[in-house]
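Summary of structural features
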Amino acid sequence: MAIYEMHKADKAGTVFTTKDTLYTKEYAEQHMPMYLEGHLIENENGKIRRRYRLHSDKPFTIEAALALDINCPECNTRLKQIGRCLNTHDLGLYKCPACDKN
Ligand SMILES: [Zn+2]
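What comes next is a walk through the structure. (Residues numbered from 1 in each chain as written. Predicted model: local features only at pLDDT ≥ 70, side-chain atom pairs only at ≥ 80, totals over all residues.)

Regarding unusual backbone geometry
Where we set the bar: Helix numbers and strand numbers start at the N terminus; a helix is a DSSP run of H or I with at least 4 residues, a strand a run of E with at least 2.
The phi torsion at Asn76 lies on the positive side, around 70°, for a residue other than glycine. In this fold, Asn76 is placed in the loop between strand S5 (69-70) and strand S6 (80-83).

Side note on the pairing of strand S4 (residues 48-56)
Here is the rule: Strands are treated as partners if at least two bridges between them are detected by DSSP.
Summarising the sheet, strand S3 (residues 34-42) and S4 pair through nine bridges and their orientation is antiparallel. Across the sheet, residue Gly38 finds its bridge partner in S4, namely Tyr52. Connecting S3 to the next strand, S4, in antiparallel fashion are five residues, including Gly46 with a positive phi near 80°.

Some thoughts on the sheet that holds S3
Taken in spatial order, the seven strands of this open sheet run S5-S2-S1-S3-S4-S7-S6, and their pairing is mixed. Sheet topology places S5 and S6 at the edges, where each strand pairs with a single neighbour. Two elements, S4 and strand S7 (residues 90-95), share three bridges in a ladder whose sense is antiparallel. Looking across to S7, one finds that Arg53 is bridged to Leu93.

Let's talk about the environment of Glu37
Stated formally: Throughout, a residue-residue contact means that the two C-beta atoms, derived from backbone geometry, are no farther apart than 7 Å.
Structurally, the position occupied by Glu37 is in strand S3. It is 17 Å that separates the C-alpha atoms of Glu37 and Pro97, two residues lying 60 residues apart in sequence. Once residues lying within four places of it in the same chain are set aside, the contact partners of Glu37 are Met1, Ile3, Lys25, Tyr52, Arg53 and His55.

So, in structure tokens, the structure goes:
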């Protein structure tokens, strides 16, 4: 599964652009304070869709995680959160509304 690096795109540090990498999850966990992990799922119509799980080194509350705006690594559209935080490090699950239309 793919690892996406995140870059702060505003002064407040709540908007992020993302970019795909060739890093492994092990590398990401050791060296990246925040990253997205891509997952492929099959939707109800049998189409393969990409989902993104946000991971953070630093513990986040659910409220703080909800305040983050993350852009799609493929098309830079704002990702939409579709799944809740699993714990304070494995945060929301996201999808791209634009990529999902194809
Ligand atoms: Zn997209």
